[in-house]
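# Descriptive analysis of the structure
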Amino acid sequence: MVILGVRIEFYEKVGDVGELSRNMRGVLYRDHGFQAAGVPSVGELFAITSLRVGPRERHVGPEFTGHGPFLPVRAVEHYPTPMSDDGDAPPWWDRSAEPSANIVLHTTLSSDPVLLHKFLARYAAPDSGWVGLFHDAELERLWWDLRPGAGPADE
């Protein structure tokens, strides 16, 4: 088993794998938040039911656009831990950082305000472990409104 981080990038228009997506609206990410059987390759499908959208048996809904209940992996980012000749991490290395891999997914956001609010509320919940960064002022405001007792300076 491996531990993965996931970054979901939201765009107005999502290109095919290997093509650029256009007009980024924001990002949700969670480091070290998923246990997986292996690290998926670019183009392989990642189950969106693992992304805090609700139980597998429920309909996923229009929050994500992809291949049914999956999104193709757009990039895999590897964060190895450097080793000195004796097999330990060198003194300059942040010893709390463990080797990891992050996968990147691209999708769109619903334009329906009710669905958008419901969707972001799942990720903004205090127990979610997700961090949100938005380039769109309306999305940024909604994100911080959904995070009780938090503000941009508190994250």
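Residues numbered from 1 in each chain as written. Predicted model: local features only at pLDDT ≥ 70, side-chain atom pairs only at ≥ 80, totals over all residues. Heavy atoms only, no water.

## A closer look at helix H2 (residues 137-146)
Among all positions in H2, only Leu139, Leu142, Trp143, Trp144 and Leu146 are buried. Turning to H2, the residues buried within the fold contact strand S2 (22-36), helix H1 (113-124) and strand S6 (131-134). With a side-chain oxygen lying 2.9 Å from the backbone nitrogen of Glu138, the N-terminal cap of H2 falls on Asp136. (Buried < 20%, exposed > 50% of the residue type's maximum accessible area, 1.4 Å probe, protein only. Helix = DSSP H or I, 4+ residues; strand = E, 2+ residues; numbered from the N terminus. Contact = heavy atoms within 4.5 Å. Polar contact = N/O pair within 3.5 Å; in protein donor to acceptor, adjacent residues only side chain to side chain.)

## Describing the nonpolar core
Across soluble globular proteins, nonpolar side chains have a tendency to be buried as a group. Counting 28 residues, the largest nonpolar core has Val6, Leu51, Leu105 and Leu120 as the members making the most contacts within it. Elements with a contribution of two residues or more to this core: strand S1 (2-13), S2, strand S4 (70-79), strand S5 (100-107), H1 and H2. (Core = buried A, V, L, I, M, F, W, Y, C linked by side-chain atoms within 4.5 Å.)

## A word on the sheet that holds S1
Ordered in space as S3-S4-S5-S1-S2-S6, the six strands form an open sheet in which the pairing is mixed. Of all strands in the sheet, those bounded by a partner on one side alone are strand S3 (45-47) and S6. Recorded for the sheet is a direction-independent mean angle of 30 degrees between the axes of neighbouring strands. Direction of pairing for S1 relative to S5: parallel, over a ladder of seven bridges. If you follow Leu4 over to S5, its bridge partner there is Ala101. (Pairing = 2+ DSSP bridges. Axes fitted to C-alpha atoms, helices over the stretch in contact; angles between N-to-C directions.)

## Examining the confidence of the model for the protein chain
In the predicted model, the protein chain carries a mean pLDDT of 83, and 83% of its residues have values of at least 70. Long-range and interchain partners of residues 55-60, a stretch whose pLDDT sits below 50, account for five contacts in this model, where long-range means more than four residues apart. (pLDDT = per-residue confidence, 0-100.)

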